[in-house]
Amino acid sequence: MAAQMLIEAEDLMASSSATIFDCRFSLADSEFGRTQYLQGHIPGAHFLDLNGDLSGDTAEHGGRHPLPDPHTFAALLARHGVKRDTEVIAYDDSRFAGAARLWWLMRGLGYRPPRLLNGGYQAFLAAGGIPEVTPPRVAASVEPVAAQFTGYCDIEGLRALQGRGAMLVDSREERRYQGLEEPIDPVAGHIPGAINRPWQGVTSDDGKIRDAAALREHWGDALDAPQLVVYCGSGVTACVNLFSLAVLGRDDATLYAGSWSDWCSYL
């Protein structure tokens, strides 16, 4: 399964037909991803901004990175020539955090899910890849896919799923889960009943996915839960955990889209 969902740097450099998206970002600096892209990116890659492209408008509730409007997002992909079955490759420089967000969004709208570059941009450079600095020409626009996101819940849906016995998984670092620190949101802690599976456990330090045995160890008994709902701070890094579940054959887990930033907004 992992081989079908990932691509190695050497294979990416030999591919000429896929649409490539650069999903680098930093929560601390909204311009970081675009700046890095303009300083050097994989040839042919188009940049997608976490806040402007992979998220919707924020409000009092809904979290720091709400899902984008599905019609707007489909139109964005269409402007890049992406059809429902187009081969797409996504990469970042943060252990799948940005690329997995695109993977979830496209899968949730019924597109062919993109493959993620194993090891991200650093793997491309380590394999001898030569970056370019000029953005590529955008492909001819196609008709947008008409669809709605599936596989997620809002706070009411979360309560309903918990009432039916779903296991809730917090993907943030252990100290944030325990409420010992909270660098982003106004309230520290975690949703009552949630277990902790930090998203960084999906990859090694070089940003490459761990083998199946290590992923199963990461999930432990939670892998056998009949229903899983996964969240993080704002619905972004939770997608790394969701990607790992899909690699292991669990593609039925639900994303709590607003995540902790939505949940704590009701306190």
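Scroll up a little and you will see the structure.
Residues numbered from 1 in each chain as written. Predicted model: local features only at pLDDT ≥ 70, side-chain atom pairs only at ≥ 80, totals over all residues. Heavy atoms only, no water.

(A) Local environment of the packing of helix α9 (residues 212-219) against helix α10 (residues 238-247). At a minimum axis distance of 10 Å, the contact between α9 and α10 shows a crossing angle of 125 degrees. The angle between the axes of α9 and α10 places the two elements in the oblique class. Like other packed secondary-structure pairs, α9 and α10 cross with a definite hand, here left-handed. Packed against α9, whose contacting residues are L215, H218 and W219, the element α10 presents N241, S244, L245 and V247 at the interface. Residue composition of the contact of α9 with α10, grouped by class: four nonpolar, three polar and no charged. (Axes fitted to C-alpha atoms, helices over the stretch in contact; angles between N-to-C directions. Helix = DSSP H or I, 4+ residues; strand = E, 2+ residues; numbered from the N terminus. Parallel < 35°, antiparallel > 145°, perpendicular 65-115°, else oblique. Left-handed = near helix turned anticlockwise from the far one by under 90°. Contact = heavy atoms within 4.5 Å. Nonpolar A, V, L, I, M, F, W, Y, C, P; charged D, E, K, R; others polar.)

(B) Broad picture of the sheet that holds strand β1 (residues 6-7). The strand order across the open sheet built from five strands is β1-β5-β4-β2-β3, with neighbouring strands paired in parallel fashion. A strand with exactly one partner marks an edge of an open sheet, and here the two such strands are β1 and β3 (45-47). As paired strands, β1 and strand β5 (residues 115-117) are joined by two bridges and run parallel to one another. Across the sheet, the residue bridging to I7 is L117, located in β5. (Pairing = 2+ DSSP bridges.)

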